[in-house]
Amino acid sequence: MRVLSLGSLNIDKVYSVDHIVNPKETIESTSYNNFCGGKGLNQSVALARAGADVSHAGMIGEDGTMLADALRESGVRMDLLRTVDGPSGHAVIQIDPHAQNCIIIFGGSNRRITPQYIDEVMEGFDAGDVLLLQNEISGNGYAIEKAHEKGMIVVLNPSPYDSRLDECDYSKVDIFMVNEVEGRLMAGCESEDPQIIRESLKKAFPKAAFVLTLGEAGSCYFKGDEEYFQPIFSVKAVDTTAAGDTFCGYFLSSMALGLPIPQCLKRAAAASAICVSRSGASPSIPTSEEVDAFLK
Ligand code: RIB
């Protein structure tokens, strides 16, 4: 099973701060770094480091060489990546001493994806292959239609959750990867109780499978009556950026490699625990050897 990851690539400008800046306040950052990130890139890197056959499709700008290098160095197939005029996507990220972050993204070249490009990249994929999407690029609605028509398995991580998702036909999505906030919003559910969120999602999307991450409360997979739970692995958190992306990539890679769902959840939980114990987005994503060692 091959994975086509059609998604964003961002240069993450990361500032360590004593606290997340408030309105009308100017604060000084204690350190600054440029990392490779973007939900698409992070998930592709996680998929590849976990052992999947993954091709990344997306657009970088003239300043995006480091993004292409990061994918290549992780073993992601690169032939579908394109460079366009203008800047790449970027993110401005503040990290506080409790490892909490806040993120502003600028779409840049991530918003230059067209139906023509999507047709082109999907040519090499067939029924049974996976299309993985997040919500930081243009063209997701069209990509879902096309992939569904081809019989591909459509996986959507609806993050960040905003009105651009309105173009997506959720009935053509096979697997949703959501955190508790995205899950609540998708289900239109007021309660924060995980059990109620789960039941609301099942009712609203009876045919889809869900991978739901619940922060400290762990994660779960459900589809109809089939349900599995996985607690978190407790570690000292340094930076939570890309923890969700690592989870998605590891879960999907393990699934594509044919592991049973409980194993997929366990590897994903271990990989994201390692990720939060390190700084940066894609540099913090572990290899499968590191995950094996962690689980021993
Ligand atoms: O999920 C983490 C990612 O969100 C960061 O790498 C940043 O680029 C934003 O897209």
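The notes below deal with the structure included here. (Residues numbered from 1 in each chain as written. Predicted model: local features only at pLDDT ≥ 70, side-chain atom pairs only at ≥ 80, totals over all residues. Heavy atoms only, no water.)

Contacts to the ligand come from 13 residues, most closely from Asp12, Gly38, Lys39, Glu136 and Asp245. Here Gly38 contributes a backbone N or O atom positioned 3.0 Å from an oxygen atom of the ligand. At a separation of 2.7 Å, an oxygen atom of the ligand approaches a polar side-chain atom of Asp245. Relative to its unbound accessible area of 280 Å², the ligand is 95% covered by the protein chains. A molecule is said to occupy a pocket when more than half its atoms come within 2 Å of that pocket's grid points, and by this definition the ligand occupies the largest pocket. (Near = heavy atom within 4 Å. Polar contact = N/O pair within 3.5 Å; in protein donor to acceptor, adjacent residues only side chain to side chain. Areas by Shrake-Rupley, 256 points an atom, 1.4 Å probe, with all protein chains shown as cover. 1 Å grid on protein atoms, 1.4 Å probe; cavity = no way out; pocket = protein on both sides within 12 Å on 5 of 7 lines; lining within 4 Å. Sits in = over half its atoms within 2 Å of the grid points.)

So, about the sheet that holds strand β9 (residues 130-133). Pairing is mixed in the open sheet, where eight strands are placed in the order β4-β1-β9-β10-β11-β12-β13-β14. The sheet is open, and its two borders are formed by β4 (54-57) and β14 (226-230), each paired with just one other strand. This sheet shows a mean twist of 15° between the axes of neighbouring strands, independent of strand direction. Taken together, the four bridges between strand β1 (residues 3-6) and β9 define a ladder with parallel strand orientation. For Leu4, the partnering residue across the bridge sits in β9 and is Leu131. Each of β11 (175-179) and β12 (209-213) touches helix α5 (residues 180-187); the most contacted strand, β11, lies at about 120° to it. The strands touched by helix α7 (residues 243-256) are β9, β10 (153-156), β11, β12 and β13 (219-223); relative to β11, the strand with the most contacts, the crossing angle is about 150°. (Pairing = 2+ DSSP bridges. Helix = DSSP H or I, 4+ residues; strand = E, 2+ residues; numbered from the N terminus. Axes fitted to C-alpha atoms, helices over the stretch in contact; angles between N-to-C directions. Contact = heavy atoms within 4.5 Å.)

This next bit is on the packing of aromatic side chains. Within this structure, the stated rule accounts for ten aromatic pairs. Ring geometry for Phe233 versus Phe294: centroids 5.4 Å apart, planes at 85°, classification edge-to-face. With a gap of 61 residues between them, Phe233 in the loop between β14 and α7 and Phe294 in helix α9 (residues 288-295) connect regions that are remote in the sequence. (Phe/Tyr/Trp six-rings, centres within 6.5 Å; stacked < 30°, edge-to-face > 60°.)

By themselves, these are just geometric observations and shouldn't be taken as functional.
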